[in-house]
Amino acid sequence: QAPQAAVTSPQTERYVIGPQDSLSITVVDETELTGKFRVDSDGTLTFPFLGRVAAAGLTLEDLQVRLTTLLKQGQILRSPQVRVEVDQYKSRSVYVIGEVRVPGKVTMSGTTLTLLEALAMAGSPTANASSEIIVVHPSKQGAPVAGVPGADIPGERVTINRKDLELGRAGREIVLQDGDIINVPVAQRFYIYGQVRNPGTYVLDPGMTLQQAIALAGGLADRGSDRRIRAKRLVNGKLAEVSLQLEDKILANDTIDIPSRFF
């Protein structure tokens, strides 16, 4: 008889076994050969009557076929029926870097991990975090990384608004994979002073207009004017003064001066 199918889920069918994974191995009608087996750091597991069996780097189906073959070759069983499943995942992880309270490696305990779950496990974003989160799917999966990886690793990048993510309006389509990097960058800021109710430094949301910046600062003061507004801005590496209209987008590090009305 052919061995039973190990799994039916496409995600687990493609899963590659790694060190420290705990596997549930069932040999039908053979209680001595059935149980939970941990993959050691050298990539092998110890199986009854077979000793050390290489497991890391194989899919669940691959290991199932290997065990079936070894049991037959060793004349331990004539027609073994073997099923291999994952009891606990330990070898898969993502990295959360940047403005989170506990940056570093986050272990995936199952086949999937949501972006919100990964952020929560990293202690959530700090007060200095940008409203944008960058998810990097490295182009070379499984490549060894020395320490916590940086944001400059090549690969597909997905940018998502953190507020939309937390409100459930975005992020459902992002499936985290083993080795993914979640980068929470430092927020870009601008400074607004003059005739606004709450002058100060504020976090710049992407695409923010001057009108939205004024609203964020509490709106115009009693004598504030929405005309003749100017800002100090870095242009080609040099500080310049530019005039702004309400619908104009402001840039990181702009210093905006809200003037008084003439009357």
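Residues numbered from 1 in each chain as written. Predicted model: local features only at pLDDT ≥ 70, side-chain atom pairs only at ≥ 80, totals over all residues. Heavy atoms only, no water.

## Comments concerning the nonpolar core
Where a protein is soluble and globular, its nonpolar side chains tend to be buried together. Residues Leu23, Ile25, Leu45, Phe47, Leu63, Leu67 and Val84 are the most contacted members of the largest nonpolar core, which totals 22 residues. Broken down by secondary-structure element, the contributors of at least two residues to this core are strand E1 (22–27), strand E3 (44–47), helix H2 (60–73) and strand E5 (82–88). If one sorts the elements of this core by residue count, H2 sits on top with four residues. Among residues more than four places away in sequence, those in contact with Leu23 are Ile17, Gly35, Lys36, Phe37, Val39, Leu45, Leu60, Leu63, Val84, Glu85, Val86 and Asp87. Ranked by size, the runner-up nonpolar core spans 19 residues in total, among them Val106, Ala118, Ala129 and Val184. (Core = buried A, V, L, I, M, F, W, Y, C linked by side-chain atoms within 4.5 Å. Buried < 20%, exposed > 50% of the residue type's maximum accessible area, 1.4 Å probe, protein only. Helix = DSSP H or I, 4+ residues; strand = E, 2+ residues; numbered from the N terminus. Contact = heavy atoms within 4.5 Å.)

## Quick notes on the side chain of Ser131
Here Ser131 lies in the loop between helix H3 (115–121) and strand E8 (132–138). Only 2.9 Å separates the side chain of Ser131 from the side chain of Asp205, close enough to count as a polar contact. Look past the residues within four positions of Ser131 in its chain and what remains in contact with it is Ile160, Asn161, Arg162, Lys163, Asp205 and Pro206. (Polar contact = N/O pair within 3.5 Å; in protein donor to acceptor, adjacent residues only side chain to side chain.)

## Concerning the packing of aromatic side chains
Taken as a whole, this structure holds three aromatic pairs when the rule is applied. Ring centres of Tyr191 and Tyr193 lie 5.9 Å apart, and the angle between their planes is 20 degrees; on these two criteria the pair is classed as stacked. Seen from the ring of Phe262, Arg228 lies directly overhead, with NZ or CZ sitting 4.2 Å from the centre. (Phe/Tyr/Trp six-rings, centres within 6.5 Å; stacked < 30°, edge-to-face > 60°. Lys NZ or Arg CZ within 6 Å of the ring centre and 35° of its normal.)

## What about the confidence of the model for the protein chain?
Overall, the prediction assigns the protein chain a mean pLDDT of 86, with 88% of residues at 70 or greater. The low-confidence segment residues 1–8, where pLDDT is below 50, has 25 contacts with residues more than four positions distant or belonging to other chains. Confidence drops under pLDDT 50 across residues 140–149; counting only partners more than four residues distant or on other chains, this segment forms ten contacts. (pLDDT = per-residue confidence, 0-100.)

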